[in-house]
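# Examination of the molecular architecture
Single-letter residue listing:
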Amino acid sequence: MFRLVRGTGHILDVLDVLHRDQLALRIHDGAFSAMDLTARRPRTGELLSTVKFMMQTLAAAGELQLDLQRELTYDGLRAAETKGAKGGRRPAVAATQTADVRTAYLEGRSIAALARDYRVSRGAIRTAVADLLPEHTASEEDAPAPELPITLDMPGKIAEYLRLTELEPAERAALDQEVTVRRGQGYTLRVTAVPAVHRQLLTRCQPLDGGQGLPAVPAQRKARREYENRVSALTS
């Protein structure tokens, strides 16, 4: 699509390029649907007068729309200035005032009061005292360290049950990236995930102990207990 706001000459130049490259430009729908904007006279190769008239009309309408938008914007700014408001971003705390702002904040002045005193936004004050805010201290000093992925062996019977269970994306991703390890007649899946995902998977296979309409199968119950012991060791 073309924005017809920069003068008719530019639009006609585009149509000339399309004609040179043997490309057609047609209106898809609306009152002028199926109209070919690159249609030309067979003998002279000139653009059809109806197409040229439409391009000139649309370009003029686009220029008028821009002019009206500019006028409305200027009128709004002038009206705001008469009421004492100023356009643009509110100023930040000056470098020469930052130390005073921080001292006043430590002495108990509120962010709202400092914003009024220095004629800036509350966000500017918060930026100036960011490292002094309570949430900053809590987030950097008291936040727990992120969990690291841990690899556990999951019995094959547990994996077979979980594959038929509705899982969260993180749980499903952990199962999809497992490594199969053969052991005798059965097999084990080596699953790598953060401890929280291992605990969620353990909870998912709780019905294997019996209940919720499912009979307890000794082999499945034994497999779940083995996996439970491995997951429990993560928090011990």
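For clarity, every value in this text was computed on a predicted model and none was experimentally measured.

It is at 10 Å that the axes of helix H3 (residues 95–106) and helix H4 (residues 111–118) come closest, and there the two elements cross at 150 degrees. Here the hand of the crossing between H3 and H4 comes out right-handed. Contacts between H3 and H4 involve Gln97, Asp100, Val101, Ala104 and Tyr105 on the former and, on the latter, Ile111, Leu114 and Tyr118. Class assignment for the residues of the contact of H3 with H4 results in six nonpolar, one polar and one charged.

Let us look at unusual backbone geometry. One non-glycine residue, Arg119, adopts positive backbone phi at about 55 degrees. If you trace the backbone, Arg119 turns up in the loop between H4 and helix H5 (122–128). For Arg119, a relative accessible area of 69% corresponds to the exposed category.

With respect to the helices and strands, Leu133 occurs in the loop between H5 and helix H6 (134–142). With a relative accessible area of 7%, Leu133 lands in the buried category. With 28 residues separating them in the primary sequence, Leu133 and Tyr105 have C-alpha atoms 9.5 Å apart. The contacts of Leu133, once residues within four sequence positions are left out, are Tyr105, Ile111 and Arg126.

Moving on to the pattern of salt bridges. Enumeration according to the criterion identifies seven salt bridges in this entry. Linking Arg70 and Asp67 is a salt bridge whose minimum nitrogen-to-oxygen distance equals 2.8 Å. Placement of both Arg70 and Asp67 in helix H2 (residues 49–82) is noted, with a separation of three residues, approximately one turn of the helix. Take Asp67: its relative accessible area is 35%, and that puts it in the partly exposed class. Glu228 is the salt-bridge partner of Arg224, the closest N and O atoms lying 3.2 Å from each other. Separated by four residues within a single helix, Arg224 and Glu228 lie in helix H10 (residues 218–232), roughly one turn from each other. Among the charged side chains, a salt-bridge network with shared partners connects Glu168, Glu171 and Arg204.

Turning our eyes to something else, we now look at the nonpolar core. With 19 residues, the main nonpolar core has Met154, Ile158, Leu162, Leu201, Cys205 and Tyr227 as its most contacted residues. Ala104, Val120, Val129 and Leu133 belong to the second-largest nonpolar core, a separate cluster that totals 13 residues.

Attention now moves to H10. Relative to the 21 Å expected for 15 residues at 1.5 Å per residue, H10 spans 21 Å between its end C-alpha atoms, a close match to the ideal helical length. Buried-residue contacts for H10 involve strand S1 (150–155), helix H7 (156–163) and helix H9 (195–204).

The predicted coordinates should not be examined in detail at positions where pLDDT is low. Taken over all residues, the pLDDT of the protein has a mean of 76, while the share at 70 or more is 79%. Here H6 stands out as the element of the protein with the lowest mean pLDDT, 53, in contrast to H4, whose mean of 89 is the highest. Below a pLDDT of 50 lies the segment residues 1–6, which in the model reaches 12 contacts outside its immediate sequence neighbourhood of four places, other chains included.

Conventions adopted
- Residues numbered from 1 in each chain as written.
- Predicted model: local features only at pLDDT ≥ 70, side-chain atom pairs only at ≥ 80, totals over all residues.
- Heavy atoms only, no water.
- Axes fitted to C-alpha atoms, helices over the stretch in contact; angles between N-to-C directions.
- Helix = DSSP H or I, 4+ residues; strand = E, 2+ residues; numbered from the N terminus.
- Left-handed = near helix turned anticlockwise from the far one by under 90°.
- Contact = heavy atoms within 4.5 Å.
- Nonpolar A, V, L, I, M, F, W, Y, C, P; charged D, E, K, R; others polar.
- Buried < 20%, exposed > 50% of the residue type's maximum accessible area, 1.4 Å probe, protein only.
- Salt bridge = Lys/Arg side-chain N within 4 Å of Asp/Glu carboxyl O.
- Core = buried A, V, L, I, M, F, W, Y, C linked by side-chain atoms within 4.5 Å.
- Expected span 1.5 Å × (residues − 1).
- pLDDT = per-residue confidence, 0-100.

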